[in-house]
Amino acid sequence: MNWLSVLLLAVVMIAGPQIITAIFLASSREARRSSLAYLGGAGLAGLIGLTVWHFAFHLVRGAGGGQGKNDAARHLIDWVVLAVLLALMLIIFARRKRSRPPKWMNTLQAASPRFAFGLGFLLFIAMPSDEATMVAVTGTLAGHDKPWWHLLPFLAVTLLLLALPLIVLLVLGQRAMTVLPKVRDWANQHSWLVSEAVILIFVTIVVSDLLK
């Protein structure tokens, strides 16, 4: 298992409305408080989702009795991960032409920290692409019999990437208001390509594991 490839899937977790929302919040009236609340909601959703899928896959892995059955369970998990990754690639490809943020994002300029927290939680717990990514990550780690805490670096990288608009705001101050819209527009147009490339790398690794 390649740890770097697992961490790279954090890019897929935040690509799309997740990072676009973070950029909007970083330029809102209560930018710092709302951005931190958004990160808190996303972190809680990610922790819950990863934990649930982790134990689900470990139940499947534990159902195998002997060494042969255990290997069969690991290969079954690898096949599930591969199927999920291919489905995720199709989802992202189908959404590639959505070059404009949804209209509801315009209301984020006046978003309260409480609203930002709830939005962060919902975007990461209910988005099919994020659920599929969490399934891929937890399935891969469970297939290699890794403990639960090995999921924490992935969650930490996800939150770090999601915090980049806030970090830009803290570093650049008011100058960030000219930088963030450009980053948002670039992410709207190209984030799907980055996600597809990352997933393709992961697919290659999973296929190589299946061929061993």
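Identification of the chain as Sap, sulfolipid-1-addressing protein from Actinoplanes campanulatus is taken from an unreviewed UniProt entry.

Trainee: In this structure, what is going on with the overall build of the chain? I would like to understand it.
Mentor: Helix and strand counts for the chain stand at nine helices and zero strands. Buried residues in the chain amount to 45% of all 212 residues. For the chain, long-range pairs separated by at least 24 residues make up 85% of all intrachain contacts whose partners lie at least 6 apart in sequence.

Trainee: Sorry if this is basic, but what is going on with the environment of L123 here?
Mentor: Topologically, L123 is positioned in helix α5 (residues 113–126). Measuring from C-alpha to C-alpha, the distance between L123 and A42 comes to 7.4 Å, with 81 residues separating the pair along the chain. Not counting the four nearest positions on each side in its chain, L123 is found in contact with P17, Q18, T21, Y38 and D130.

Trainee: Sorry if this is basic, but what is going on with the side chain of S28 here?
Mentor: Positionally, S28 belongs in the loop between α2 (17–26) and α3 (31–63). Ignoring sequence-local partners within four residues, the contact set of S28 consists of S34, L108 and Q109.

Trainee: Hey, could you run me through the packing of α2 against α5 in this one?
Mentor: Each packed pair of helices is defined by two parameters, the angle between the axes and the distance between the axes. Where α2 meets α5, the closest approach of the two axes is 10 Å, and the angle between their N-to-C directions is 165°. The orientation of α2 with respect to α5, classified from their angle, is roughly antiparallel. In the crossing of α2 with α5, the sense of the turn from one axis to the other is left-handed. Contact residues: P17, Q18, T21 and L25 in α2; A116, L119, L123 and F124 in α5. Split by residue class, the contact of α2 with α5 holds six nonpolar, two polar and no charged.

The rules behind the values
- Residues numbered from 1 in each chain as written.
- Predicted model: local features only at pLDDT ≥ 70, side-chain atom pairs only at ≥ 80, totals over all residues.
- Heavy atoms only, no water.
- Helix = DSSP H or I, 4+ residues; strand = E, 2+ residues; numbered from the N terminus.
- Buried < 20%, exposed > 50% of the residue type's maximum accessible area, 1.4 Å probe, protein only.
- Contact = heavy atoms within 4.5 Å.
- Axes fitted to C-alpha atoms, helices over the stretch in contact; angles between N-to-C directions.
- Parallel < 35°, antiparallel > 145°, perpendicular 65-115°, else oblique.
- Left-handed = near helix turned anticlockwise from the far one by under 90°.
- Nonpolar A, V, L, I, M, F, W, Y, C, P; charged D, E, K, R; others polar.

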